[in-house]
Amino acid sequence: MTPNTEDGAEPPHIVVLDGGFSTQLSCHVGHVIDGDPLWSARFLHTHPNEVVNTHLDFLRAGAHLIITNTYQASVDGFVEHLGVTADQAYELMLRAVELAKRARSLYLEEYEDCIQDDHVPLVVGSVGPYGAHLHDGSEYDGSYADTTSVQTMRDWHRPRIQALVEAGVDLLALETIPCQEEAEMLCDLLREFPNVKAWLAFSCKDNQSIAHGESFQKVAKKCWEANPDQLVAVGVNCCAPSYVSTLLKGINDDRPQSPIPLIVYPNSGEKYNPQIGWIDRDKCEAVEVFIQEWLDLGVRYVGGCCRTYAADVSRIRNQVHCWRDRWRFQAKYQANLNSNKNTVD
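Quick notes on the rules
For every chain, the first residue of its written sequence is number 1, and the numbers climb from 1 along that sequence. Owing to the predicted nature of the model, reporting of local features is limited to residues with pLDDT of at least 70; listing and counting of side-chain atom pairs is limited to 80 or more, with chain, interface and lining totals taken over all residues. Where side-chain values are given, they derive from all heavy atoms of the structure, hydrogens and water being excluded. By the criteria applied, helices consist of DSSP H or I runs no shorter than four residues and strands consist of E runs no shorter than two, each listed in order from the N terminus. Throughout this description, buried means an accessible area under 20% of the type-specific maximum (1.4 Å probe, protein chains only), exposed means over 50%, and partly exposed covers the range between. Any two residues whose heavy atoms approach within 4.5 Å are treated as being in contact. Under the convention used here, a 1.4 Å probe and the Shrake-Rupley method define accessible areas, while residue burial counts only the protein chains that appear. Residues scored as charged are limited to Lys and Arg (positive) and Asp and Glu (negative), so that His and the chain ends carry no count. All charge positions are set by atom: Lys at NZ, Arg at CZ, Asp at CG, Glu at CD. Whether a set of points on the 1 Å grid over the protein atoms alone is a cavity depends on a 1.4 Å probe fitting there but being unable to get out, while an open set qualifies as a pocket with protein on both sides within 12 Å along at least five of seven lines; lining residues are those with an atom within 4 Å of a point. Grid points are joined across faces, edges and corners, and a volume is the space filled by probe spheres set on the points. When residues are grouped by polarity, Ala, Val, Leu, Ile, Met, Phe, Trp, Tyr, Cys and Pro land in nonpolar, Asp, Glu, Lys and Arg in charged, and all others, Gly among them, in polar. In this scheme, a helix's expected span is set at 1.5 Å multiplied by one less than its residue total. Here a Phe, Tyr or Trp ring, Trp counted by its six-membered ring, pairs with any other such ring whose centre lies within 6.5 Å, and the pair is stacked when the planes are under 30 degrees apart, edge-to-face when over 60, and tilted otherwise. Whenever two N or O atoms come within 3.5 Å, that pair is a polar contact, provided that in protein one can donate a hydrogen and the other can accept it, and provided that, for residues adjacent in sequence, both atoms are side-chain atoms. Following DSSP output, two strands are said to pair if at least two bridges run between them.

Draft legend 1. Spatial organisation of the overall build of the protein. Of regular secondary structure, the protein possesses eleven helices and ten strands. For the protein, the proportion of its 345 residues judged to be buried stands at 53%. Considering only residue pairs separated by 6 or more positions, the protein has 76% of its internal contacts joining residues 24 or more positions apart. Accessible surface, the protein as shown: approximately 15,500 Å² in total, 47% of it carbon and sulfur. Side chains of the protein give 29 positive and 48 negative charges; the mean places of these two sets differ by 4 Å.

Draft legend 2. Spotlight on empty space enclosed by the protein. Overall, the coordinates contain one cavity of 30 Å³ or more when judged by the stated rule. Considering only enclosed or pocket space, the largest cavity measures out at about 30 Å³ in volume. Around the largest cavity, the lining residues are Pro37, Asp76, Gly77, Glu80, His81 and His133. Residues belonging to the lining of the largest cavity are distributed by class as follows: one nonpolar, three polar and two charged.

Draft legend 3. Representation of helix H3 (residues 48-61) within the structure. Its 14 residues give H3 an end-to-end C-alpha distance of 20 Å, which sits within 8% of 20 Å, the value for a rise of 1.5 Å per residue. Every buried residue belonging to H3 is among Val51, Val52, Thr54, His55, Leu56, Asp57, Phe58, Leu59 and Ala61, and all of these are buried.

Draft legend 4. Broad picture of the packing of aromatic side chains. This structure, assessed with the given rule, holds nine aromatic pairs. Each ring, one from phenylalanine 329 and one from tyrosine 333, has its centre 6.3 Å from the other, and the planes form 10°; the classification is stacked. With phenylalanine 329 and tyrosine 333 both in helix H11 (residues 310-344) and four residues apart, this pair spans about one turn of that helix. With a relative accessible area of 48%, tyrosine 333 lands in the partly exposed category. Ring pairing ties together the aromatic residues Tyr130, Tyr144 and Trp156, which thus form one cluster.

Draft legend 5. View of the side chain of aspartate 36. Mapped onto the elements of the fold, aspartate 36 is located in the loop between helix H1 (21-25) and helix H2 (43-46). Looking at aspartate 36, the relative accessible area reads 17%, which means it is buried. Within the local environment of aspartate 36, its side chain forms a polar contact with the side chain of arginine 42, the two groups lying 2.6 Å apart. Beyond its immediate chain neighbours, meaning those up to four positions away, aspartate 36 contacts Arg42, Gln72 and His135.

Draft legend 6. A look at the pairing of strand S4 (residues 171-177). For S4, a buried count of seven out of seven residues is recorded, marking the element as mostly surrounded by other parts of the structure. Pairing geometry for strand S3 (residues 122-127) and S4, over four bridges, is parallel. Bridge pairing links valine 124 to leucine 171 in S4. Bridge analysis of S4 against strand S5 (residues 198-202) gives four bridges, and the strand direction is parallel. Bridged to leucine 174 within S5 is leucine 200.

Function cannot be inferred from these measures alone, as they are strictly geometric.
Below is the structure:
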């Protein structure tokens with residue numbers, strides 16, 4: 001499900017992503033999720049049915065794809081925090097994909113009379129950053145890159161990606177990556193899995209820089225150019241919506257004939273306080289307010305991250321429909337203007 005070219009009378013296809021998995025999962029389980037060293041990945045082991053239902057929520061809300069519950073999952077993490085063997089931990093990684101596929105099958109059964117073959121939702125394997133499993137907050141600023149070798153990160157990521165690919169994901173989400181070294185390594189590691197494609201999304205600390213401090217646009221371009229055959233999009237996730245437009249503006253100015261496909265799925269704009277949880281929701285503009293502006297900037301994959309629910313996905317999809325309708329109207333209006341001009345001439 002790759003957005004088509006923008007030639008012709010039809011507007012470009014926009015891929016609607018899902019929302020914050022742990023956020024929506026909290027609607028199904030009566031347990032604390034934030035602060036757990038495995039985060040929502042623990043529920044692959046303890047509440048698999050609720051994981052399926054969470055994926056279903058997003059599909060019913062209009063998402064074109066669902067992202068596996070593996071952001072903070074790893075063989076080492078499962079062994080340490082669940083007390084399982086390495087083989088059992090690997091099986092849990094496989095189970096995450098199985099549960100997402102089960103949700104997709106249930107959804108297709110529910111809506112079998114409405115869904116065309118080319119609109120079957122994708123299952124995307126989440127590959128979160130190395131720092132997430134450290135459970136020390138370093139994923140938020142990428143500081144672990146200063147003390148961790150690239151080879152160590154590579155060796156940690158490889159079995160995660162191997163499991164996701166083995167289980168049959170349609171695509172990989174290399175997401176919430178805070179530092180340049182890890183991003184470049186992941187783009188290179190992809191070459192070990194030549195039959196899979198991925199998107200790459202960075203976490204950003206402001207409207208110019210990724211979390212570790214490097215220039216977003218410079219790193220994004222470098223990563224895209226390093227592996228354009230396997231990357232389907234580059235962009236940002238889990239940052240404040242207010243940062244996005246400035247982060248993206250001008251990124252394709254020097255490549256009008258071959259623009260980098262852009263992906264955006266920010267959080268709600270709330271801030272996370274480790275002591276008391278999420279705060280400042282009343283100070284945030286809803287994500288859907290920004291959608292049409294981002295699509296005007298060339299974003300072709302759009303959704304939500306932390307603190308965005310299935311209901312938010314529905315609102316995002318509505319904005320996408322509105323933008324495509326506006327695109328059609330403007331294209332028709334321009335065509336009429338050109339026709340009238342030619343008639344006068």
